[in-house]
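Here are the chains, one letter per residue:
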Amino acid sequence: MTLSAQPNFKTHFAELLHQAASRITPLDAAVRIELARTKQASHGDYSCNLAMQLAKPLHKNPREIAQLLIDAMPASPYLEKIEIAGAGFINLFLKHAAKQQYLHHVLHSQEAFGNSQFGQGKKIQVEFVSANPTGPLHVGHGRGAAIGASLSNILAAAGFDVAREFYVNDAGRQMDILTLSTWLRYLGLNHVHIPFPANAYQGEYVKNMAQLIFQAHADRYVHQPAMLLDGLPESAHTAATDTDEQLDKLIANAKKILGQDYAYLHNFVLTEQLGDCRNDLMEFGVEFDTWFSEQSLFDNGQVAHTMQLLEKKHYLYQQDGAKWFRSTDFGDEKDRVVQRENGQFTYFASDIAYHLNKFERDFEQVINIWGADHHGYIARVKGALQALELDPAKLEIALVQFAVLYRDGKKAPMSTRSGEFVTLRELREEVGKDAARFFYVMRKSDQHLDFDLDLAKSQSNDNPVYYVQYAHARVCSVLAQWDGDMATLATASMEPLSSPAELALLQKIIDFPDTVEAAAKEFSPHLIAFYLRELASEFHSYYNSTRFLVPELPLLHARLALIASIRQILNNGLKLLGVSAPDKM
């Protein structure tokens, strides 16, 4: 058997079953013909429940319908046999030759194996991480980064036109708090001591930024405390403030005292933190096409314009001096403020403008990867899109649960006494980039992740990333011992691959493109991690029971072609997850 083009067996059999069903009854649009991989080889390679779907409209027993479908099904060069199982499942068995010849596609496709045109070039944006640039990334951000980057890679492999974006919250109150925090630390270096607010940013990185300003500018930004403490209670002169109102008063006074110098300090701390964030993410293997500034939405008037659009559509109203969006009209639990009594727009207002901007950039679909604590935010954002006459279904939200660290079987502290979280950089330095990237995507994003630090560092089969990488290194070792011409494997006869273990591995190889497509369709990078672990497991068992460098050339070439194909898929799959595939371990 010669396969002229890379076949998708699931699609091929689904089309044949569709033809068969059309011959026995007009098909309802609700009927979906989907094939699933069987769990046992004795049940075939694929299974379909079409007969059960047709039982009600045809008023027949599903097993009877299954037989009618089989009788009406066109012939296939890939089908060995077809059986009816259980209540009416149709089980399909691939010909051994079809599985064997499939290896040629893998070896010829190489790094492109697993790629498809499923996405048909659809323009899609993935926005992820988008952490406030007010401090180092922590381990929670790391999981969002790993999932977002992996999903972007998977979508690109599945034929989507992917844009990776980081939304920089550089316009709000948190940046003002960071600017004030840094300036107060700077004043301390100049022997001007003002009680440091309990609700300001406490971390060492704030002191480091203050030190940089001090080294570059000495006492240029020094002002005496009297003006800064103006309007605050007497207690603030000797003790740290701890209310939001007092903190906001300090910020307002700082802006008044510093004048144009405030903009410099604000820009300095923003640039420092964004630079640190970029470097941290690059070292984690995560890069973005666009870093989108929230401030730009104010500078170009897009926030004000968006609010005007909502006002014209009567979705805003005035109450208690503030402007509110009627988000309860769209399923939210209460209406939301978009403009405060003092005239300042809220974060929600700029978020609405940002999402309008996304669709104005002609993205056909938008995916936001948010922390699980943003769950309540979904209804109001989708409601705002609907109010703007945009399709809320084009916005997908993937929620990411927090990762909990464990060391020595015990929950590890996630923060220091000063309230600083364990940073992504610290995690990466402890377990390595590869382990961190793989562990982060081992579970579905909306499931809690228990991150076992000891396991991630171990060189054992219990460590999933080590286990997968070791499979790749083992294949490299065998091929290096052989030291032959790899081109001969791409044209070798695969007929000697006939043992149950080899046939199971061949089917597992065939499953890879379907797995990539499923991961893209379901926005689920964990499916790739699951697949790689299963492939590695089957390979290790095969490796431990099989001789590869045998004297019989046909068998030698066939077995080496099989493991070379496995190596290629391990490499391709790990690359999708941002994990390296070492040749030696």
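Computed from a predicted structure; not experimentally measured. (Residues numbered from 1 in each chain as written. Predicted model: local features only at pLDDT ≥ 70, side-chain atom pairs only at ≥ 80, totals over all residues. Heavy atoms only, no water.)

1. Section: the sheet that holds strand E9 (residues 322–325)
With antiparallel pairing, the three strands of this open sheet are ordered in space as E8-E9-E10. Looking at strand neighbours, the two that pair on one side only are strand E8 (316–319) and strand E10 (336–339), the edges of this open sheet. Averaged over all adjacent pairs, the angle separating strand axes in this sheet is 45°, with direction ignored. Relative to E10, E9 runs antiparallel, the two sharing three bridges. Along E10, the bridge assignment pairs phenylalanine 325 with arginine 336. Set on the sheet, helix H12 (residues 302–312) makes contact with E8, E9 and E10; between it and E8 the angle comes to about 95°. Here helix H13 (residues 347–360) sits on the sheet and contacts E9 and E10; the angle it forms with E10, its principal contact strand, is near 80°. (Pairing = 2+ DSSP bridges. Helix = DSSP H or I, 4+ residues; strand = E, 2+ residues; numbered from the N terminus. Axes fitted to C-alpha atoms, helices over the stretch in contact; angles between N-to-C directions. Contact = heavy atoms within 4.5 Å.)

2. Some remarks on the sheet that holds strand E7 (residues 290–293)
Sheet architecture is open: five strands sit in the order E7-E6-E5-E11-E12, paired in parallel fashion. The outermost strands of the open sheet, each flanked by one partner alone, are E7 and strand E12 (395–400). Strand after strand, the sheet turns through a mean of 25° between neighbouring axes, direction not considered. Alignment of strand E6 (residues 161–168) against E7, held across four bridges, turns out to be parallel. By the bridge assignment for E7, valine 168 is matched with serine 293. Against the sheet, H13 touches strand E5 (123–127), E6, E7, strand E11 (365–371) and E12, its axis set at about 145° to E11.

3. Comments concerning the side chain of glutamate 165
Summarising the element assignment, glutamate 165 is placed in strand E6. Within the local environment of glutamate 165, its side chain forms a polar contact with the side chain of glutamine 125, the two groups lying 3.0 Å apart. Within the structure, glutamate 165 has its side chain in polar contact with the side chain of arginine 361 (distance 2.8 Å). (Polar contact = N/O pair within 3.5 Å; in protein donor to acceptor, adjacent residues only side chain to side chain.)

4. With respect to the nonpolar core
Counting residues in hydrophobic clusters, the biggest one holds 166 residues, and the most contacted among them are Phe13, Leu155, Trp183, Phe438, Tyr440 and Phe451. Here the element with the most residues in this core is helix H22 (residues 553–576); it accounts for 13 residues. Not counting the four nearest positions on each side in its chain, phenylalanine 451 is found in contact with Val404, Leu405, Tyr406, Leu427, Val431, Ala435, Ala436, Phe439, Tyr440 and Ala456. The next biggest cluster of nonpolar side chains, apart from the first, holds 31 residues, and it includes Phe325, Val338, Ile352 and Val366. (Core = buried A, V, L, I, M, F, W, Y, C linked by side-chain atoms within 4.5 Å. Buried < 20%, exposed > 50% of the residue type's maximum accessible area, 1.4 Å probe, protein only.)

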